[in-house]
Amino acid sequence: ALAAFAAQEWNLLEIKVQDDESVVTGELKSTSASDLTPSNVQISDPRFYIVRLGKTGQVARDSTKIFFIYSCPEAAKVRQRMLYSAAKASVVSSLESLKIT
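Residues numbered from 1 in each chain as written. Predicted model: local features only at pLDDT ≥ 70, side-chain atom pairs only at ≥ 80, totals over all residues. Heavy atoms only, no water.

**Student:** It is not clear to me how the overall build of the protein should be interpreted in this structure. Could you clarify?
**Tutor:** Across its full length, the protein carries 2 helices and 4 strands. Secondary structure elements of the protein occur, N-terminal to C-terminal, as α-β-β-β-β-α. Evaluated residue by residue, the protein yields a buried proportion of 30% over its 101 residues. A separation threshold of at least 6 residues defines the contact pool for the protein, and within that pool the share at least 24 residues apart is 50%. Put simply, the protein shows about 6300 Å² of open surface, and 52% of that area lies on carbon and sulfur atoms. (Helix = DSSP H or I, 4+ residues; strand = E, 2+ residues; numbered from the N terminus. Buried < 20%, exposed > 50% of the residue type's maximum accessible area, 1.4 Å probe, protein only. Contact = heavy atoms within 4.5 Å. Areas by Shrake-Rupley, 256 points an atom, 1.4 Å probe, with all protein chains shown as cover.)

Written out as structure tokens, the structure is:
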């Protein structure tokens, strides 16, 4: 999923941290960043979202902006909040290694 985002095949990616294995999984949400709406955002559990806005394609690579969003609803369990806070640096490092910045 991260590779597809890096290749600009997708513009919206949801990242979930599996607390039992400390594994990060990405779910391709959409080819359109405009699909990041309240109905598509997890409202009970924390998530990371990566959103690309602007023109896409090799020629337009410099005209796009990538946003990293950490969503942590108040209803989330304390254990999940701590897990996502601890995983944030690792997720960002993984994104940087794939040149998603």
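Back to the text.
**Student:** How do you make sense of the nonpolar core when you look at a structure like this?
**Tutor:** Burial of nonpolar side chains together is a common tendency in soluble globular proteins. Core analysis: the biggest nonpolar cluster contains 12 residues, these being F5, L13, I15, V17, F48, I50, L83, Y84, A87, V91, L95 and I100. Residue assignment for this core shows that the elements contributing at least two residues are strand 1 (12–18), strand 3 (47–53) and helix 2 (78–97). (Core = buried A, V, L, I, M, F, W, Y, C linked by side-chain atoms within 4.5 Å.)

**Student:** I tried to follow the packing of aromatic side chains on my own but got confused; where do I start?
**Tutor:** Given two aromatic rings, their pairing is described by the distance between the two centres and the angle made by the two planes. Within this structure, the stated rule accounts for 3 aromatic pairs. With 5.2 Å between their ring centres and 40° between their planes, F48 and Y70 make a pair best called tilted. Remark: Y70 occurs in strand 4 (residues 65–71) and F48 occurs in strand 3; sequence separation between them is 22 residues. For F48, a relative accessible area of 0% corresponds to the buried category. Their ring planes at 50° and their centres at 5.2 Å tell us that F48 and Y84 sit as a pair that is tilted. Note that F48 is positioned in strand 3 and Y84 in helix 2, a separation of 36 residues in sequence. Overall, the relative accessible area of 2% leaves Y84 in the buried class. Directly above the aromatic system of F5 lies the positively charged group of R52, at a separation of 4.2 Å from the ring centroid. (Phe/Tyr/Trp six-rings, centres within 6.5 Å; stacked < 30°, edge-to-face > 60°. Lys NZ or Arg CZ within 6 Å of the ring centre and 35° of its normal.)

**Student:** For this particular structure, what's the right way to read the pairing of strand 1?
**Tutor:** Looking along a regular strand, one sees side chains alternate from face to face of the sheet. The element strand 1 is extensively covered by neighbouring structure, given that 5 of its 7 residues are classed as buried. Pairing of strand 1 with strand 3 involves 4 bridges; the strand directions are antiparallel. Each residue of the ladder has a partner; that of L12, found in strand 3, is V51. (Pairing = 2+ DSSP bridges.)

**Student:** Any chance you could explain the pattern of salt bridges here in plain terms?
**Tutor:** Pairing of side chains with opposite charge becomes possible as their charged atoms draw close. For the structure shown, the criterion picks out 1 salt bridge. Between E14 and R47 there is a salt bridge; the shortest N-O distance is 3.8 Å. Here E14, found in strand 1, pairs with R47, found in strand 3; they are 33 residues apart in sequence, far enough to count as distant. This pair shows no difference in class: E14 is buried, exactly as R47 is. (Salt bridge = Lys/Arg side-chain N within 4 Å of Asp/Glu carboxyl O.)

**Student:** Teacher, can you tell me more about the pairing of strand 3 here?
**Tutor:** Burial of strand 3 is extensive: 6 of the 7 residues sit out of reach of the surface. With 7 bridges connecting them, strand 3 and strand 4 associate as antiparallel partners. For R52, the partnering residue across the bridge sits in strand 4 and is I66.

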